Amino acid sequence: MSTAAAHDAHDHGPASGLSRWIFTTNHKDIGTLYLLFSLLMFFVGGAMAMVIRAELFQPGLQFVNPMFFNTMTTMHALIMIFGAVMPAFVGLANWLIPIMLGAPDMALPRMNNWSFWILPFAFTMLLSTLFMDGGGPAGGWTLYPPLVLQTGDAFPFVIFSIHMMGLSSIMGAINVVVTILNMRAPGMTLMKMPLFVWTWLITAYLLIAVMPVLAGAVTMLLTDKFFGTSFFSAAGGGDPVMFQHIFWFFGHPEVYILILPAFGIVSQIIPTFARKPLFGYSSMVYATASIAFLSFLVWAHHMFTVGMPLAGELFFMYATMLIAVPTGVKVFNWVSTMWKGSMTFETPMLFALGFVFMFTIGGFSGLMLAIAPVDFQYHDTYFVVAHFHYVLVTGAIYAIMAGAYYWLPKWTGNMYNETLGKWHFWLSTIFVNVLFFPQHFLGLAGMPRRIPDYSIQFTEFNVISSLGGFAFGLTQLLFAYIVISTIRGGKKATDQVWEGAEGLEWTLPSPPPYHSFTTAPVIK
Amino acid sequence: MSARTNLRVPQVLTGLALLSVAGIAAAEYGLNLRPGVTTIAQEAYSLHMLILWVCVAIGIVVFGAMFYSILNHRKSKGAVAAQFHESTAVEIAWTIIPFLILIGMAIPATKALIAMEDTSNSDLTIKVTGYQWKWQYEYLNEGVNFFSTLSTPKEEIFNRADKNPDYLLEVDNPVVVPVGKKVRLSITANDVIHAWWVPDLGMKKDAIPGFINEMWFNIDTPGTYRGQCAELCGKDHGFMPIVVVAKEQAEYDTWVADQLKMADAAAADSNRDFTMAELMARGEKVYTSNCAACHQANGEGVPGAFPALKGGVITTGPAAEHLALVMNGKAGTAMAAFAGQLNDADLAAVVTYERNAWGNNKGDVVQPAAVKAAR
Ligand SMILES: [Cu+2]
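Conventions used here
Residues numbered from 1 in each chain as written. Chains lettered and ligands numbered in written order. Predicted model: local features only at pLDDT ≥ 70, side-chain atom pairs only at ≥ 80, totals over all residues. Heavy atoms only, no water. Pairing = 2+ DSSP bridges. Helix = DSSP H or I, 4+ residues; strand = E, 2+ residues; numbered from the N terminus. Axes fitted to C-alpha atoms, helices over the stretch in contact; angles between N-to-C directions. Parallel < 35°, antiparallel > 145°, perpendicular 65-115°, else oblique. Contact = heavy atoms within 4.5 Å. Nonpolar A, V, L, I, M, F, W, Y, C, P; charged D, E, K, R; others polar. Domains from an automatic or database assignment. Buried area = accessible area lost by both parts, 1.4 Å probe. Salt bridge = Lys/Arg side-chain N within 4 Å of Asp/Glu carboxyl O. Buried < 20%, exposed > 50% of the residue type's maximum accessible area, 1.4 Å probe, protein only. Polar contact = N/O pair within 3.5 Å; in protein donor to acceptor, adjacent residues only side chain to side chain. Donors = N, O, S within 2.8 Å, 3.2 Å for Na, K, Ca; no water. Tetrahedral: all angles 85-135°; square planar, octahedral: opposite > 155°, others 65-115°.

**Considering the sheet that holds strand S7 (residues 203-207) of chain B**
Residues and elements named next belong to chain B.
Move 1: Taken in spatial order, the 5 strands make up an open sheet running S4-S10-S9-S6-S7, and their pairing is mixed. The strands lining the two open edges of the sheet, one partner per strand, are strand S4 (175-178) and S7. Averaged over neighbouring strand pairs, the angle between their axes works out to 25 degrees when direction is ignored.
Move 2: Here strand S9 (residues 223-229) pairs with strand S10 (residues 241-247) via 6 bridges, running antiparallel. Directly across from Gly227, in S10, lies its bridge partner Ile242.

Here it is as structure tokens:
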């Protein structure tokens, strides 16, 4: 207690050493932890993708056995979704929401610490299954029974790690909601909030609504396997398709959990570099809310081939097509924001533009997949793989990278190397298209997804795709280098950083003090 | 080599781009969806083309505006930012116009979907059952019943032999159907979920244990059409192809008659005794196509996943228990019940083989009569 008397309680800096990071309740520290964890998982999941592309480089079995191949596709998805993309967004939320709203910290700082520190344990447990008898989970990240029930010793560990990830997400989401609803600076009305905050508020509600659904579904798998229940076993009076309905009731909103914050980031960046206010702010908010609402009504478009009644297929087809309307509004708004602006093309803007272009391509293939009678041909082929990698890699991950370049000078006080940033963008963009665009052709030609070996008619495009994959993977090492060297030093950033940037975070010094907005700013 | 290491990055990029173009030119197959050979496949194809062109048109407008703006409204060209940030009229227009385009797509899609799901008035019904990792076909009226498994040799899969043109898309027993007839499939599965898909026939349906799904096709041109299981079903998901052979009615009738003769011959087998050598030879074949995928050709299994049969507790224990396990499977594991999949002689042969191969040398023989008694 003597130290408390030694200095002002509102002005102390971070603790020193490792305990700073373990016990921290500071939103900036926790944001940094989330972002670094996400970067690490991005490379772990990426390494698994390299194994997949190496095996698919040529027809025949070369490097891994089919069971391990299935483990790689399953783990790659789980790690990229729950370990890379979601924690990156939560990290951005932690860093940015308080300083965008003029709040001193997140509303529930101790829970914030806990929601981060669950993650390393969850992923250590998930990764440890690779070394268990029977190997890691190999039934696909969608965990469909009865196949998933054939998993060996890994099974309960996979289920518990998903429980832990869900727990972490729900706590993070509650924190975001409470912070946004209670801690805005005076005068910061809801309709004055930056769009990134809006998209996160809606995302947080989606998380709170659907993560318990996933937890329930996987718990039912657990009791089916170990406690003699038959929720999903037809022989015991259950229904294996019911799992798919429950899973995708979680899974489709989850898709928007992975993309709505990306919409928010891009909506911050484009106005800055176009030096022009965001076009249609309120329609952006309403479009985001509509997408979130519709996301609860479209789940069965992931399962058009399970044999639903005709009326069900028609309903889910129409509802899915409807999502194109609010999504289109967003793209039109971004293009209109650029229109008659005064644009410059620093790395964050390049990634944001790459996002708009390639996410829209993913949107087009999404519209094609919505058409049930043609989806019978596309379903479970590489066309679907191409589609969701366009929306998740060149969509979600491009937005995260755009955000990282955009706010890195604010976070660290140092400018990143612009030349290297541009190299990173152009190499990534060329290779990501070499990687994923040919997968459209593979799917249309009839190559199913999740196969370790393929008939020889698919060879050429798999060769191209794998080469693109290796090159894209290597290019990301450049990103890690740029981030680390910016943290270590570089040209000092100004407080404003970007000429056209607007918002409370740019009024703080770069880097911001450990405790910022201890006195709330007044918003006119 | 030193010249290569001196290559600058842009040159490498150009090289890679050229390589991709060369790859596309070398590809012998199209870039687009296959038009298929059935009415529903062709309907799916024309819908696919319609929506593709709509997307291309929207893409040209949106990306056109975006790139025009990127090229012309840049600071380096002295552009001064306008400050407009909303327009109710424009925003209403670009909500309503896409909605109308969607209705334009939904109408033909609805028609196609209704036609595809109409399985009534079929001429022929085949029950299709997915197993890990093979397909069973039962012709409900004709009484034909057989299994269809991958026939690609292991040497090709493990790169010890050149791959033939039908690599991974070839089976021992294809499904044979008559041309010009509406064929209805009743699709189910025995263990996990599979999906039956032949791209040229235009549709895929999941095969789900405990449920029966239906789909239909009507082929006009005789020919061989190939496809694969399309739902992840475990280790050998990539190795359970589907081959459909469409024949003229007369040839189809001959095929049915031949199949029935073969079935009679197999039934006769269960009423006679075999020698040890006959059982071992037959058992090895049955083992290779039904058991080796998991328990391996050398009987050593995969530790932690599939138990070893070489020196195994069951295979060296009492013969009756061994036979019962093979016939009834083991609940909660990947071990299937083979009683419904194999005939008496095959079951007798495979159990005999497992008890005497790989140095197990139990010396006992299981005869078809014993299997018949155990059913
Ligand atoms: Cu299968």
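**Quick look at the packing of helix H7 (residues 276-290) of chain B against helix H10 (residues 344-356) of chain B**
All names here are of chain B.
Move 1: H10 packs onto H7 with a crossing angle of 95 degrees between their chain directions and a minimal axis gap of 7 Å. Between H7 and H10, the angle is such that the two are roughly perpendicular. Facing H7, whose interface residues are Met276, Leu279, Met280, Arg282, Gly283, Glu284, Val286 and Tyr287, H10 presents Ala345, Asp346, Ala348, Ala349, Val350, Thr352, Tyr353, Glu354 and Asn356.
Move 2: Partitioning the contact of H7 with H10 into residue classes produces 10 nonpolar, 3 polar and 4 charged.

**With respect to the domain arrangement of chain B**
By a widespread convention, an interface's size corresponds to the accessible area lost as its parts come together.
All names here are of chain B.
Move 1: Domains assigned within chain B are domain 1 (33-76 + 85-118), domain 2 (124-267) and domain 3 (270-374).
Move 2: Spacing between the C-alpha centres of domain 1 and domain 2 amounts to 36 Å.
Move 3: Across the domain 1/domain 2 interface, buried area totals approximately 1,100 Å², and carbon plus sulfur atoms make up 53% of it.
Move 4: Counting the surface domain 1 buries against domain 2, the share from its top three residues, Arg34, Val37 and Ile40, is 46%.
Move 5: On the surface where domain 1 and domain 2 come into contact, there are 2 salt bridges.
Move 6: With a shortest N-O distance of 3.3 Å, Lys205 and Glu117 are connected by a salt bridge.
Move 7: Counting residues per element, the ones that place at least two in the side of domain 1 that touches domain 2 are helix H3 (39-72) and helix H4 (88-116).
Move 8: Considering every element that reaches the side of domain 1 that touches domain 2, the biggest residue donor is H3, with 3 residues.
Move 9: Broken down by class, the residue content of the side of domain 1 that touches domain 2 amounts to 5 nonpolar, 3 polar and 3 charged.

**Observations concerning the pairing of strand S6 (residues 194-198) of chain B**
Residue and element names in this part refer to chain B.
Move 1: Within S6, 5 of the 5 residues are buried, which leaves it mostly tucked inside the rest of the structure.
Move 2: The side-chain alternation of S6 yields two buried faces, one formed by His194, Trp196 and Val198 and the other by Ala195 and Trp197.
Move 3: Here S6 pairs with S7 via 5 bridges, running antiparallel. Within the sheet, the bridge partner assigned to His194 lies in S7 and is Ala207.
Move 4: From the end of S6 to the start of S7, which pair antiparallel, there are 4 residues, and Gly202 there has a positive phi angle of about 90 degrees.
Move 5: Where S6 lies against S9, 2 bridges are found, and the strand directions are antiparallel. Bridging from a neighbouring strand, Trp197 pairs with Gln228 of S9.

**A look at the interface of chain B and chain A**
Move 1: Listed per partner, the contact involves 101 residues of chain B and 101 residues of chain A.
Move 2: Roughly 8,600 Å² of surface becomes buried between chain B and chain A when both sides are summed, with 71% attributable to carbon and sulfur atoms.
Move 3: In this structure, the salt-bridge partner of A:Glu499 is B:Lys75, at a minimum N-O distance of 2.9 Å.
Move 4: The tally of links between chain B and chain A comes to 25 residue pairs in polar contact (both at pLDDT 80 or more).

**Quick notes on the coordination of the copper ion**
Ideal values for angles at a metal depend on the geometry: 109.5 degrees with four tetrahedral donors, 90 or 180 degrees with six octahedral donors.
All names here are of chain B.
Move 1: Only His194 (ND1), Cys229 (SG), Cys233 (SG) and Met240 (SD) from the protein reach the copper ion as donors, at distances of 2.1 to 2.5 Å.
Move 2: Classification of the site at the copper ion as tetrahedral follows from its 4 donor atoms and the range of 95 to 129 degrees in their angles at the metal.
Move 3: Spacing between the donor residues of the copper ion along their common chain follows H-x34-C-x3-C-x6-M. Of this pair, Cys229 sits in strand S9 while Met240 is found in the loop between S9 and S10, placing the two residues 11 residues apart along the sequence.
Move 4: Cys229 sits in the buried class, given a relative accessible area of 1%.

**Regarding unusual backbone geometry**
For residues that are not glycine, phi is negative in most cases, and the peptide bond is trans in most cases.
Move 1: Omega for the bond connecting A:Ser510 with A:Pro511 falls within 30 degrees of zero, at -5 degrees, which places this linkage in the cis form.
Move 2: Mapped onto the fold, A:Pro511 is located in the segment after helix H17 (459-488).
Move 3: Put simply, B:Gln132 and B:Trp133 share a cis peptide bond, and its omega is 0 degrees.
Move 4: Residue A:Arg450 is not a glycine yet carries a positive backbone phi of 60 degrees.
Move 5: Locating A:Arg450 in the fold gives a position in the loop between helix H16 (418-445) and H17.
Move 6: For A:Arg450, a relative accessible area of 10% translates into the label buried.
Move 7: Positive phi outside glycine occurs at B:Asn159, with the angle close to 65 degrees.
Move 8: Mapped onto the secondary structure, B:Asn159 falls in the loop between helix H5 (154-157) and S4.

**Describing the sheet that holds strand S3 (residues 145-148) of chain B**
Residues and elements named next belong to chain B.
Move 1: Strand order in the open sheet formed by 5 strands is S3-S2-S1-S5-S8, with mixed pairing between adjacent strands. Each edge of the open sheet is held by one strand with a lone partner, namely S3 and strand S8 (213-217). Taking the axes of each pair of neighbouring strands and ignoring which way they run, one obtains an average angle of 25 degrees across the sheet.
Move 2: Pairing geometry for strand S5 (residues 183-189) and S8, over 5 bridges, is antiparallel. Counted as the bridge partner of Ile187 is Asn213 from S8.

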